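Chain by chain, the residues:
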Amino acid sequence: MAKVVGGIFTSHVPAIGGAIARKREGDPYWKPFFDGFVPVRRWLEAAKPDVAIVFSNDHGLNFFLDTMPTFAVGAASEYRNEDEGWGLPVYSAFSGDQALSWHVIEHLVRDEFDIATCQRMLVDHAVSIPFELCWPGGRPQGLRIVPIAINTVQHPLPSPKRCLALGRAVGAALRTWEGPEKIVVFGTGGLSHQLEGERAGFINRDYDRFCMDYLASDPDALTRHSALDIVELAGSQGVEILNWIAARGALGDCATELSRNYHIPISNTAAATMLLEAGDAVATARAVSLEAVV
Ligand SMILES: [Fe+2]
């Protein structure tokens, strides 16, 4: 059976792609952010996932304000990367996993999620930048993705509770997939930031810390605020935390925080990176040591 091994949660600010392209990762401005990926890359080298499920939001590449699905699941054989006008390098196409996509879609519809299914889908910086951060210079050959787009742009937005439920349903589908794949989950975007209006530049360290503190141990705590509450708390683009909440749901009941990094600012954003392993690492270690004793 397939196994969900862990989750990677990261900001996807377009400027990160510019820093990678110009090889500025070691600059004083960028280093504190890129350092957060050292443990993530080490973990990925050991985990060697076959598939990545990516929860992110589209920034106008597929969907604009006139046609905005609340949840859209990719079911394509490949996903071309396109630049939305930031001048970022365009990366090679991402391979899809159509069979797994349809398995997830069937499961979600059976669970009464009214999703859009996309047999053609482009991916923007919300997908390409996290992959460049995790696998500098090129992702592993054979890695396949299933992108899931959540509307964090056009109100009304889905509630955090609904996003967590979506992620849990995706996780349940993955755990019934009979293939041998190791699956990593991505949640991209955030944390607090607002790009426009009187509150442009708004950042809320307290709310960000609350999200990071509860993400692994009690993700339901993040659903105590409505989507509009989160706009107030985290800024109009800070609602991208919805992607993190859904991705956390897919990890299952137990998750263990392995690393976290929080740095202000990257562009106008509080940038964060977290690595969670699926399951209770303490319990696993205890079981292993007991086995050794027995
Ligand atoms: Fe974004």
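That block above? That's the structure.
What comes next concerns the included structure. (Residues numbered from 1 in each chain as written. Predicted model: local features only at pLDDT ≥ 70, side-chain atom pairs only at ≥ 80, totals over all residues. Heavy atoms only, no water.)

## Notes on the coordination of the iron ion
Bound to the iron ion are the protein donor atoms His12 (NE2), His59 (NE2) and Glu240 (OE), situated 2.0 to 2.2 Å from the metal. The sequence pattern formed by the donor residues of the iron ion is H-x46-H-x180-E. Linking His12 in the loop between strand E1 (3–10) and helix H1 (14–21) with Glu240 in the loop between helix H8 (227–234) and helix H9 (241–250), this pair joins segments that are 228 residues apart in sequence. Since its relative accessible area comes to 5%, Glu240 is described here as buried. (Donors = N, O, S within 2.8 Å, 3.2 Å for Na, K, Ca; no water. Helix = DSSP H or I, 4+ residues; strand = E, 2+ residues; numbered from the N terminus. Buried < 20%, exposed > 50% of the residue type's maximum accessible area, 1.4 Å probe, protein only.)

## Observations concerning the state of the cysteines
Across all of its chains, the model carries zero disulfides by this definition. Between Cys211, a cysteine without a disulfide, and Cys163, which holds the nearest cysteine sulfur, the sulfur-to-sulfur distance is 13 Å. By relative accessible area, which is 2% here, Cys211 ends up buried. (Disulfide = S-S within 2.5 Å.)

## Regarding H9
Counting buried positions over the ten residues of H9 gives ten, a clear majority of the element. Backbone geometry just after H9 places Gly252 at a positive phi near 100°.

## Examining a nonpolar patch on the surface
Together, Phe64, Leu65 and Val153 make up a nonpolar patch on the protein surface, roughly 280 Å² of accessible area in all. On the secondary structure map, Phe64 appears in the loop between strand E2 (51–56) and strand E3 (71–74). (Patch = residues over 30% accessible without salt bridge, like charges linked within 9 Å, V, L, I, M, F, W, Y side chains within 5 Å. Areas by Shrake-Rupley, 256 points an atom, 1.4 Å probe, with all protein chains shown as cover. Salt bridge = Lys/Arg side-chain N within 4 Å of Asp/Glu carboxyl O.)

## Structural notes on the side chain of Ser259
Its place among the elements puts Ser259 in strand E10 (residues 255–266). Given the relative accessible area of 11%, Ser259 is considered buried. Filtering out sequence-adjacent residues up to four positions away, Ser259 remains in contact with Pro39, Val40, Thr273, Met274 and Leu275. (Contact = heavy atoms within 4.5 Å.)

## Section: empty space enclosed by the protein
Under the defined criterion, the tally for this structure stands at three cavities of 30 Å³ or more. In this structure, the largest cavity is lined by 13 residues; those nearest its centre are Ser56, Met121, Leu122, Val127 and Ala149. Secondary-structure elements contributing two or more residues to the lining of the largest cavity are E2, strand E7 (122–123) and strand E8 (144–150). If one sorts the elements of the lining of the largest cavity by residue count, E8 sits on top with three residues. Broken down by class, the residue content of the lining of the largest cavity amounts to eight nonpolar, three polar and two charged. (1 Å grid on protein atoms, 1.4 Å probe; cavity = no way out; pocket = protein on both sides within 12 Å on 5 of 7 lines; lining within 4 Å. Points joined across faces, edges and corners; volume = space filled by probe spheres on them. Nonpolar A, V, L, I, M, F, W, Y, C, P; charged D, E, K, R; others polar.)

## With respect to unusual backbone geometry
Note that the residue after Gly190, namely Leu191, is joined by a cis bond; omega there is -5°. Inspection of the secondary structure assignment puts Leu191 in the loop between strand E9 (182–188) and helix H7 (205–215). Residue Ile264 is joined to Pro265 through a cis peptide bond whose omega torsion reads -10°. Locating Pro265 in the fold gives a position in strand E10. The backbone of Lys48 sits at a positive phi, close to 45°, despite the residue not being glycine. Its place among the elements puts Lys48 in the loop between helix H3 (38–47) and E2. Taking relative accessible area as the criterion, Lys48 reaches 54% and is therefore assigned exposed. One non-glycine residue with positive phi stands out, namely Ser267, at about 55°. Position of Ser267 among the secondary structure elements: in the loop between E10 and strand E11 (269–278). Judged by relative accessible area, which is 39%, Ser267 ranks as partly exposed.

## A closer look at the environment of Pro49
Within the secondary structure, Pro49 is located in the loop between H3 and E2. Accessibility expressed as a relative area gives 11% for Pro49, which makes it buried. Each C-alpha atom, one on Pro49 and one on Pro140, is 9.2 Å from the other, the two residues being 91 residues apart in sequence.

## Notes on the packing of helix H4 (residues 98–110) against helix H6 (residues 160–175)
Taken N-terminus to C-terminus, the directions of H4 and H6 make an angle of 125°; their axes are 9 Å apart at the nearest point. In terms of orientation, H4 lies oblique with respect to H6. H4 and H6 meet at a crossing whose hand is right-handed. On the side of H4, the interface is formed by Leu100, His103, Val104, His107 and Leu108, while H6 contributes Leu166, Ala169, Val170, Ala172, Ala173 and Leu174. Classifying every residue of the contact of H4 with H6 gives nine nonpolar, two polar and no charged. (Axes fitted to C-alpha atoms, helices over the stretch in contact; angles between N-to-C directions. Parallel < 35°, antiparallel > 145°, perpendicular 65-115°, else oblique. Left-handed = near helix turned anticlockwise from the far one by under 90°.)

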